[in-house]
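The residues making up each chain are set out below.
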Amino acid sequence: MKILLVEDEPKTGDYLKQGLCEAGFPTDWVQDGISGSHQALHETYDLIILDVMLPGRSGWEVLQDIRSAGKDMPVLFLTARDEVNDRVRGLEAGADDYLVKPFAFAELLARIRTLLRRERSREPDVLNVADLELDLRTRRATRSHQRIELTAREFALLALLMRRRGEILPRALIASQVWDMNFESDTNVVEVAVRRLRAKIDDPFEPRLIHTVRGMGYTLEEKR
Ligand code: CA
């Protein structure tokens, strides 16, 4: 769970970042449109909060960059009161919601929770790759119709790999998503967890689904 905040006004940005982190939403904050686009395209975020008037690239352009790269995470615009027409433009351009400045922080939190809930309800309840199946509601995993017992951590790891099947996921990204921490120096914990998961979902079956991409990370897919 991670949010990207693009806001050039230092006081607002600082206040929002701190408030969001305290509310349980780890947040990266950048202060211009170019960094905003770059972060949005190269990192993984569950939601983006985007100011409209930004140096470098405007909020519109950042949104265009995000959507034309095929990224569909929810985007919430922050607009000034005199940018009323801009709101319509933002929603047409693929923003999911907007808030007019100044706004109450509680209102922002409520909007964020709604957007994330909506996003989650779009996700299927069951993930499938080949004969591997993961039911996200009952938290049951099966392969070839055989029940596989997973720890909570293994479940989170497998869900991440299956949601992003075919993508190479760097160890540091896995560490941050599954352990909610940064293991900059010690990604050994990821290797150990992947090995244990493999022993359960891959070793007794054919074909192997979890692949190591040397020097890069792991990917889960059915290779033909
Ligand atoms: Ca601004």
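The text that follows walks through the structure, step by step, so that each part is easy to find.

Rules behind the numbers
- Residues numbered from 1 in each chain as written.
- Predicted model: local features only at pLDDT ≥ 70, side-chain atom pairs only at ≥ 80, totals over all residues.
- Heavy atoms only, no water.
- Axes fitted to C-alpha atoms, helices over the stretch in contact; angles between N-to-C directions.
- Helix = DSSP H or I, 4+ residues; strand = E, 2+ residues; numbered from the N terminus.
- Parallel < 35°, antiparallel > 145°, perpendicular 65-115°, else oblique.
- Left-handed = near helix turned anticlockwise from the far one by under 90°.
- Contact = heavy atoms within 4.5 Å.
- Nonpolar A, V, L, I, M, F, W, Y, C, P; charged D, E, K, R; others polar.
- Pairing = 2+ DSSP bridges.
- Core = buried A, V, L, I, M, F, W, Y, C linked by side-chain atoms within 4.5 Å.
- Buried < 20%, exposed > 50% of the residue type's maximum accessible area, 1.4 Å probe, protein only.

Here's the deal with the packing of helix α2 (residues 33–42) against helix α3 (residues 59–68)
Stage number 1. For the pair α2 and α3, interaxial distance at closest approach is 9 Å and the crossing angle is 20 degrees. As judged from the angle between their axes, α2 and α3 are roughly parallel. The element α2 and its partner α3 pack so that their crossing is right-handed. Between α2 and α3, the contacting residues are Gly33, Gly36, Ser37, Ala40 and Leu41 on the first element and Val62, Asp65 and Ile66 on the second.
Stage number 2. Counted by class, the contact of α2 with α3 contains 4 nonpolar, 3 polar and 1 charged residues.

Looking at the environment of Arg140
Stage number 1. Among the secondary structure elements, Arg140 is positioned in strand β8 (residues 140–143).
Stage number 2. Separated by 15 residues in the primary sequence, Arg140 and Phe155 have C-alpha atoms spaced 8.7 Å apart.
Stage number 3. Contacts of Arg140, omitting those with residues within four sequence positions, involve Glu133, Leu134, Asp135 and Arg147.

Let's talk about the sheet that holds strand β6 (residues 126–129)
Stage number 1. Sheet architecture is open: 4 strands sit in the order β6-β7-β8-β9, paired in antiparallel fashion. Each having just a single partner strand, β6 and β9 (146–148) make up the two edges of the open sheet. For this sheet the average axis-to-axis angle between neighbouring strands, irrespective of direction, equals 25 degrees.
Stage number 2. Sheet topology places β8 next to β9; 3 bridges connect them, and they run antiparallel. Looking at β9, one finds that Ala141 is bridged to Ile148.

Considerations on the nonpolar core
Stage number 1. Residues Leu134, Leu157, Leu158, Leu161, Met162, Ile174 and Leu220 are the most contacted members of the largest nonpolar core, which totals 30 residues.
Stage number 2. When residues of this core are traced back to their parent elements, those giving at least two are β6, β7 (132–135), α6 (152–163), α7 (171–178), α8 (188–201) and β11 (217–220).
Stage number 3. In terms of residues, this core owes the most to one element, α6, which gives 7 residues.
Stage number 4. The residues contacting Met162, other than those within four sequence positions of it, are Leu127, Asn128, Val129, Leu132, Leu134 and Leu220.
Stage number 5. Val52, Leu54, Val62 and Ile66 belong to the second largest nonpolar core, which has 17 residues in total.

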